[in-house]
Amino acid sequence: MATKKMKEQTRKVLKDVFGYDSFRPLQEEIVCTLLDSKDAFVLMPTGGGKSLCYQIPAIMREGTGIVVSPLISLMKDQVDALNACGVSAAFYNSSLKAAAAKDVLERFESGKLDMLYVAPERLLSKGFLQKLEHVRLSMFAIDEAHCVSQWGHDFRPEYVRLGELRGLFPDVPLLALTATADEHTREDITERLGLEKAKRFVASFDRPNIRYLVAEKRQPLTQILQFLEGWPSASGVIYCLSRKRVEDLAVNLQRHGIRAAAYHAGMPGRTREKVQEDFLRDRVKVIVATIAFGMGVDKPNVRFVIHHDLPKSIESYYQETGRAGRDGLESEALLLYGSGDVNLVRRLIENVENIDQRRVEVHKLNSMIGFSEALTCRRRVLLGYFGERLDEPCGNCDICLDPPSTYDATELAIQALDAVRQLKGEHGMGYVVDVLRGSRNARILEHKHDKLKCHGSGADINADEWTSILRQMVHHGYFIQDVSMRAAMRPTKKAERIGSGEPIILAKYQPGIRRQFKRLGTPKDEALFKKLVELRQRMADEEDIPPHVIFSDVTLTELSQHKPTDDAGMLKTSGISPHKLEIYGEEFLDVICSHAKSAAARKVGGKEDIPKLIAKGPGANEAQTYTLSLYREGMPVSEIAAQQGVGEVTILKHFVALVRAGQYIDVPAFIGEDFDTAMSELDDADPYASLSEIKRDMSVELDNETFRLIMAWREAIGVA
Ligand code: ADP
Ligand code: ZN
């Protein structure tokens with residue numbers, strides 16, 4: 001029974017050791033179950049906070065907690081993070097040199113460790129099992145427990161023998177944890193680990209901080225670059241189906257100045273490890289990978305996951321997107337959905353020989369298509385697939401944020417069907433569009449298709465829109481694209497219904513990626529946040545640990561919002577425990593305080609600490625340079641204007657050009673009290689709205705030049 005006192009103690013450990021104020025759902029109940037010496041089986045999505053479920057009882061109970069984990073790199077990360085919190089933890093696996101291994105074992109045997117991470121094959125070796133009998137154990141935790149099941153997607157033979165633990169150590173509580181959402185695998189795990197009597201904890205598999213977005217795949221590189229603009233300097237993963245695509249895309253992104261790296265199973269192990277490590281340490285920002293990437297990466301601040309190609313099932317899609325936003329901050333999952341990919345997967349499935357397996361694959365593909373083409377809340381479709389119901393639409397997917405309007409497209413469908421029929425099912429989608437639009441290109445003239453009745457019948461609709469219509473008609477089963485005939489368009493039987501009275505309802509074509517930004521909570525001070533990130537990076541490099549081990553993005557975000565100036569304020573911040581405050585607090589406090597001072601100095605017109613501006617336009621011309629020199633002498637705008645015999649508006653125009661040329665004008669001070677409001681409203685503005693729409697919707701009234709000046713400033717400091 002979890003007593004009140006027990007609960008108080010767990011909360012104290014949560015705050016004192018980890019610096020967190022409250023438990024996430026189910027964490028406390030799970031911790032108390034273990035404190036009560038009972039077994040538990042925990043199903044919780046990635047990012048749900050599984051680690052604390054065993055770390056806290058292991059710290060609180062007498063003896064050492066044994067944690068079994070399949071991945072060596074993860075063990076090291078977790079141990080680093082625990083050590084940074086002042087917890088006595090170590091790992092024991094094949095990556096340790098003999099001397100280090102001996103040292104770990106000594107500490108373990110003398111009872112000095114709160115937690116020991118062990119690889120399964122080591123744990124079950126005869127020698128180690130013998131040692132275990134002489135050491136006091138507080139618990140066993142089996143992480144990634146689905147590895148024990150052959151049903152699962154990641155079966156590991158070395159996990160099978162973990163089933164012996166329950167019998168060998170009847171008095172030590174055992175906890176198994178997994179993020180697998182598949183019922184079959186769950187049953188298998190319970191049975192294999194002897195956890196039939198264990199208390200089951202099933203958390204919701206919803207990941208509310210992940211925004212699901214699906215866009216029609218058009219020019220993937222351009223779409224991805226456009227998407228990345230919304231996430232400057234954030235970490236993310238892009239999944240592609242083939243190694244070749246991975247390599248091509250990585251190179252293309254690098255050409256556009258993005259710190260991207262490729263990752264796939266065909267690369268040498270050493271190279272892959274290096275890429276993972278660089279990603280973890282924020283040296284590489286974007287990983288372009290085949291599905292081989294992910295399992296071993298426990299990076300809390302992955303802000304986005306992009307699927308360049310269609311995932312093979314909803315399970316994989318859920319798993320892969322789940323790697324975003326473990327820290328609970330808002331994150332995005334973008335799927336580029338193209339009918340070409342669907343055809344490709346279909347063809348692959350046709351080659352599957354076993355009929356049952358083929359059926360399963362077809363079903364999986366169809367569910368994935370269903371998700372991608374859904375005109376209802378994506379999260380509902382996703383969770384529904386795993387048997388979880390969402391009562392309300394989520395409000396955080398592309399469909400909820402921007403419901404597609406539909407329209408009666410019957411007339412257009414008739415036109416499209418006529419064209420496809422007249423072209424006798426011999427031409428691909430692009431050609432059909434050209435004919436509909438009345439193009440007179442060489443191929444059309446050669447085939448004399450300019451003489452067809454349908455030629456030019458759809459000239460009033462642009463090519464992208466026609467493509468969208470034809471694609472939707474393919475998705476809805478009116479046409480097929482014959483892959484053996486270079487994807488020639490053919491009508492299906494269902495096409496006979498077109499024009500029979502039943503309306504054809506299609507989603508309205510919308511160009512671009514539909515995405516909106518809604519920042520949660522108080523907007524942070526981006527400039528300060530950047531400084532804190534830089535400090536963290538420097539300290540992490542010095543200590544040779546991943547940056548998030550020092551402080552998470554959540555912590556840095558809170559620091560840049562609340563800007564604490566003393567220890568008490570620091571301790572109120574999520575993720576700052578007294579131990580971490582002692583080690584890292586002072587340097588972070590220094591940065592926050594000096595940032596606050598220079599901001600204050602800027603407000604009264606001081607010029608020290610001139611921030612670096614990014615040049616976005618050409619250099620300044622003569623008149624502008626003259627304005628700059630007068631400005632630097634401290635002359636007010638009215639006088640600068642008088643001096644040159646021009647209006648003040650002209651001087652503002654000079655300012656805009658100067659800022660765009662990378663010259664420092666103290667725009668915040670110049671604009672005064674409206675500045676902060678304007679900046680935070682611009683942070684939240686819809687990136688697809690036109691500038692005039694954005695300006696119109698702002699609560700502060702700005703004249704055109706002032707508005708342009710703020711926009712130039714935003715570009716120059718790198719927030720736009
Ligand atoms: P999982 O193993 O389930 O994927 P983790 O244990 O890695 O999740 O936790 C994900 C992130 O959430 C980590 O950065 C962790 O520090 C943080 N976290 C976990 N529990 C809490 C909590 N109660 N309050 C704040 N942050 C938490
Ligand atoms: Zn939704």
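The rules behind these values
- Residues numbered from 1 in each chain as written.
- Chains lettered and ligands numbered in written order.
- Predicted model: local features only at pLDDT ≥ 70, side-chain atom pairs only at ≥ 80, totals over all residues.
- Heavy atoms only, no water.
- Helix = DSSP H or I, 4+ residues; strand = E, 2+ residues; numbered from the N terminus.
- Rg over C-alpha atoms; globule rule 2.2 N^0.38 Å.
- Buried < 20%, exposed > 50% of the residue type's maximum accessible area, 1.4 Å probe, protein only.
- Areas by Shrake-Rupley, 256 points an atom, 1.4 Å probe, with all protein chains shown as cover.
- Lys, Arg positive; Asp, Glu negative; His and termini not counted.
- Charge placed at Lys NZ, Arg CZ, Asp CG, Glu CD.
- Domains from an automatic or database assignment.
- Polar contact = N/O pair within 3.5 Å; in protein donor to acceptor, adjacent residues only side chain to side chain.
- Axes fitted to C-alpha atoms, helices over the stretch in contact; angles between N-to-C directions.
- Parallel < 35°, antiparallel > 145°, perpendicular 65-115°, else oblique.
- Contact = heavy atoms within 4.5 Å.
- Nonpolar A, V, L, I, M, F, W, Y, C, P; charged D, E, K, R; others polar.
- Pairing = 2+ DSSP bridges.
- Near = heavy atom within 4 Å.
- Core = buried A, V, L, I, M, F, W, Y, C linked by side-chain atoms within 4.5 Å.

**Section: the overall build of the protein**
- When helices and strands are tallied, the protein shows 33 helices and 17 strands.
- The globule rule puts the C-alpha radius of gyration for 720 residues at 27 Å, and the 30 Å found for the protein is close to it.
- Overall size of the protein, expressed as C-alpha extent along the three principal axes, is 90 × 80 × 45 Å.
- Residues classed as buried in the protein amount to 51% of the 720 residues present.
- Here the protein displays about 33500 Å² of accessible surface, and carbon together with sulfur accounts for 51% of that area.
- The average position of the 96 basic charges and that of the 103 acidic charges among the side chains of the protein differ by 4 Å.

**Some points on the domain arrangement of the protein**
- The domains assigned to the protein are domain 1 (4-202), domain 2 (210-401), domain 3 (410-457 + 468-496), domain 4 (522-601) and domain 5 (609-720).
- Its C-alpha centre places domain 1 at a distance of 59 Å from the equivalent point of domain 3.

**So, helix H24 (residues 553-562)**
- Along H24, 7 of the 10 residues are buried, which leaves the element largely enclosed by surrounding structure.
- When H24 is considered as a whole, its buried residues turn out to be Asp553, Val554, Thr555, Leu556, Thr557, Leu559 and Ser560.
- By the N-cap criterion, in which a side-chain oxygen at the helix start approaches the backbone nitrogen of a residue two or three places on, H24 is capped by Ser552, the distance to Val554 being 3.2 Å.
- Within two residues after H24, Lys563 carries a phi angle of roughly 45°, on the positive side.

**Some points on the environment of Ala685**
- By secondary structure assignment, the location of Ala685 is in the loop between helix H31 (674-683) and helix H32 (691-696).
- It is 34 Å that separates the C-alpha atoms of Ala685 and Ala203, two residues lying 482 residues apart in sequence.

**A closer look at the packing of helix H1 (residues 4-18) against helix H3 (residues 50-60)**
- For the pair H1 and H3, interaxial distance at closest approach is 10 Å and the crossing angle is 100°. In terms of orientation, H1 and H3 fall into the roughly perpendicular class. In contact with Gln9, Thr10, Val13, Leu14, Val17 and Phe18 of H1, H3 contributes Leu52, Gln55, Ile56, Ile59 and Met60.
- The residue inventory of the contact of H1 with H3, partitioned by class, reads 8 nonpolar, 3 polar and no charged.

**What to know about the sheet that holds strand S11 (residues 286-289)**
- Spatially, 6 strands are ordered S8-S13-S12-S9-S11-S10 in an open sheet, and the strand pairing comes out parallel. The open sheet has two edge strands, strand S8 (210-216) and strand S10 (260-263), and neither has a second partner. Neighbour-to-neighbour, the strand axes of this sheet turn through a mean angle of 15°, independent of strand direction.
- As paired elements, strand S9 (residues 235-239) and S11 share 4 bridges and run parallel to each other. In the strand pairing of S11, Ile238 is matched with Val288.
- Seen against the sheet, helix H13 (residues 314-321) touches S8, S9, strand S12 (302-307) and strand S13 (331-337) and runs at an angle of roughly 150° to S12.

**Regarding the site of ligand 1**
- Taken together, 14 residues are adjacent to ligand 1, and Tyr20, Ser22, Gly47, Lys50 and Ser51 come closest.
- Between ligand 1 and the protein, one listed contact pairs an oxygen atom with a side-chain N or O atom of Arg24 at 3.1 Å.
- In this structure, an oxygen atom belonging to ligand 1 sits 2.6 Å away from a side-chain N or O atom of Ser51.
- Considering ligand 1 on its own, with 560 Å² of exposed area, one finds that the protein chains cover 84% of that surface.
- No other element matches the 3 residues that H3 contributes to the shell around ligand 1.
- The residue inventory of the shell around ligand 1, partitioned by class, reads 4 nonpolar, 7 polar and 3 charged.

**Side note on the side chain of Asp278**
- Relative to the helices and strands, Asp278 is located in helix H12 (residues 269-280).
- Judged by relative accessible area, which is 11%, Asp278 ranks as buried.
- Here Lys274 takes part through its side chain, which lies 2.6 Å from a polar atom of the side chain of Asp278.
- Sequence-distant contacts of Asp278, that is, excluding residues within four places in its chain, are made with Arg283 and Val284.

**Focus on the sheet that holds strand S2 (residues 64-68)**
- Read across the sheet, 7 strands follow the order S3-S4-S2-S5-S6-S1-S7 without closing on themselves; strand pairing throughout is parallel. For this open sheet the edge positions go to strand S3 (89-92) and strand S7 (199-202), each flanked by a neighbour on one side alone. Neighbouring strand axes in the sheet, compared pairwise and without regard to direction, differ in orientation by 20° on average.
- The sheet contacts of helix H2 (residues 27-35) involve strand S1 (40-43), strand S5 (137-142), strand S6 (174-178) and S7, and relative to S7 the element is tilted by about 165°.

**Structural notes on the nonpolar core**
- Formed by 75 residues in total, the largest nonpolar core has its most connected members in Leu116, Leu123, Leu132 and Phe140.
- Shared between two domains, this core holds at least three residues of each, these being domain 1 (4-202) and domain 2 (210-401).
- In this structure, Phe140 is in contact with Ile66, Leu123, Leu132, Leu165, Phe169, Val172, Pro173, Leu174 and Leu175, ignoring residues within four places of it in sequence.
- In terms of nonpolar packing, the next biggest core, distinct from the first, is built from 37 residues, Cys32, Met44, Cys53 and Ala119 among them.

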